[in-house]
Amino acid sequence: MPRLVWAARTDVGMIRSGNEDSFAAEADAARGLFIVADGMGGHAAGEVASEMAVRIVQRELGDLRTTDGDAEQRMGESLRRANRAIHDRTIAETDKQGMGTTASVLLLVGSRYLIGQVGDSRVYLLRDGALRQLTKDHSYVQEQVDAGFLTPEQARYHPYSNVITRCVGASPSVEPDVYSGEARTGDLFLVASDGLTGMVDDRRLQQLLLARVTPERMVHSLISEANGRGGLDNITAIVVVLTPAADPPLADPAGRTQEIPAQR
């Protein structure tokens, strides 16, 4: 069974005064759970929404240690429960009206991955040198690309590129996308908010992720690159590498996984 080595960090960016992103990352010998949520609705409200989503999904999936059986249903239901809780709070508290959040959840168990996603935070897989986006943005420009009205390059620079069409908490119900697939030793997963992917294109992401450095160094490079290109939004990145169990640790001499603390 491969061992998970990972690093995670969030950064306020160069423009925003507060950070509305939240994340969670945890792994042991049996599984890993990694979550990125990008809140909206104004500072305080957006931060509340993203933190609620992360906390609820963590709680709902805390004992999930398989991708078989009802795992896909549980992944989707964890995001629906977060949606209901956040939406209920927007009704109960007037200062929270309009808040919501994206959420991308990656569960790794043995040789399988399971992903739950709402919004435009993304999960990528780097395998055999090729980078592939595993999730599909719930956004206005992605719908235009799907319809053939925009090319992916035009979508990237479109004035409505940050408009999402589905999020957690904005309406009474939401339907998450759930993906599953094979995970192999040597795979690298990236979970990121659009503060990274909106500033750094896929080709540059691939170059940075191919560097033969620790996940901690990769995360630092990704955030530095986004900030160097303007840092227009909060930036969150989680890098997870599946290494052979017998390999020496990449980041921590004691063999533990390592988290870079969130920066507020």
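Structure's up top.
Read on for a plain summary of the structure. (Residues numbered from 1 in each chain as written. Predicted model: local features only at pLDDT ≥ 70, side-chain atom pairs only at ≥ 80, totals over all residues. Heavy atoms only, no water.)

1. Some points on the sheet that holds strand S11 (residues 235-243)
No. 1: Strand order in the open sheet formed by 5 strands is S1-S11-S10-S7-S8, and the pairing between neighbours is antiparallel. Whereas interior strands pair on both sides, the edge strands pair on one side only; in this sheet they are strand S1 (3-11) and strand S8 (130-133). Recorded for the sheet is a direction-independent mean angle of 15° between the axes of neighbouring strands.
No. 2: As paired strands, strand S10 (residues 188-192) and S11 are joined by 5 bridges and run antiparallel to one another. (Pairing = 2+ DSSP bridges. Helix = DSSP H or I, 4+ residues; strand = E, 2+ residues; numbered from the N terminus. Axes fitted to C-alpha atoms, helices over the stretch in contact; angles between N-to-C directions.)

2. Looking at the packing of helix H6 (residues 202-209) against helix H7 (residues 215-228)
Think of two packed helices as two axes; the pair is described by the angle between the axes and how far apart they sit.
No. 1: With their axes 10 Å apart at the nearest point, H6 and H7 run at an angle of 150° to one another. The pairing of H6 with H7 is recorded here as roughly antiparallel in orientation. As H6 runs across H7, the sense of the crossing is right-handed. Between H6 and H7, the contacting residues are Arg204, Leu205, Leu208 and Leu209 on the first element and Met218, Ser221, Leu222 and Glu225 on the second.
No. 2: Broken down by class, the residue content of the contact of H6 with H7 amounts to 5 nonpolar, 1 polar and 2 charged. (Parallel < 35°, antiparallel > 145°, perpendicular 65-115°, else oblique. Left-handed = near helix turned anticlockwise from the far one by under 90°. Contact = heavy atoms within 4.5 Å. Nonpolar A, V, L, I, M, F, W, Y, C, P; charged D, E, K, R; others polar.)

3. Some details on the layout of surface pockets
No. 1: Reported here for the largest pocket is a volume of approximately 1,100 Å³.
No. 2: Considering the residues around the largest pocket, the lining is formed by 35 residues, among which Arg156, Ser161, Asp194, Thr197 and Gly198 are closest to the centre.
No. 3: Every element with two or more residues in the lining of the largest pocket is listed here: strand S3 (31-40), helix H3 (140-146), helix H4 (152-156) and helix H5 (194-197).
No. 4: The leading source of residues in the lining of the largest pocket is H4, at 4 residues.
No. 5: For the lining of the largest pocket, the class distribution of residues is 10 nonpolar, 12 polar and 13 charged. (1 Å grid on protein atoms, 1.4 Å probe; cavity = no way out; pocket = protein on both sides within 12 Å on 5 of 7 lines; lining within 4 Å. Points joined across faces, edges and corners; volume = space filled by probe spheres on them.)

4. Brief notes about the nonpolar core
No. 1: Of all hydrophobic cores here, the largest spans 28 residues; its most connected members are Ile35, Leu61, Ile86, Met99, Val105 and Leu107.
No. 2: Among the elements that make up this core, the one with the highest residue count is helix H1 (residues 45-60) (8 residues).
No. 3: Residues in contact with Met99, not counting those within four places in the same chain, are Met40, Gly41, Ala45, Val48, Ala49, Met52, Ile86, Arg89, Thr90, Gly169 and Ala170.
No. 4: Within the second largest apolar cluster, 21 residues are counted, among which are Tyr124, Met199, Leu205 and Met218. (Core = buried A, V, L, I, M, F, W, Y, C linked by side-chain atoms within 4.5 Å. Buried < 20%, exposed > 50% of the residue type's maximum accessible area, 1.4 Å probe, protein only.)

5. Quick look at the side chain of His158
No. 1: Within the fold, His158 resides in the loop between H4 and strand S9 (177-182).
No. 2: Among the polar contacts made by the side chain of His158, one reaches the main-chain amide nitrogen of Tyr160 at a distance of 3.0 Å.
No. 3: In this view, His158 contacts Tyr140, Val141 and Leu150; residues no more than four positions away in its chain are not counted. (Polar contact = N/O pair within 3.5 Å; in protein donor to acceptor, adjacent residues only side chain to side chain.)

6. Here we look at the pairing of strand S6 (residues 112-118)
No. 1: Burial analysis of S6 places 6 of its 7 residues in the buried class, which makes it a mostly covered element.
No. 2: Two strands pair when backbone bridges link them, and strand S5 (residues 103-109) and S6 are joined in this way by 7 bridges, in the antiparallel orientation. What sits directly across from Leu106, in S6, is Ile115.
No. 3: Where S5 hands over to S6, the hairpin turn is made up of 2 residues, of which Gly110 adopts a positive phi near 60°.
No. 4: Note that S6 and S9 share 6 bridges and pair antiparallel.

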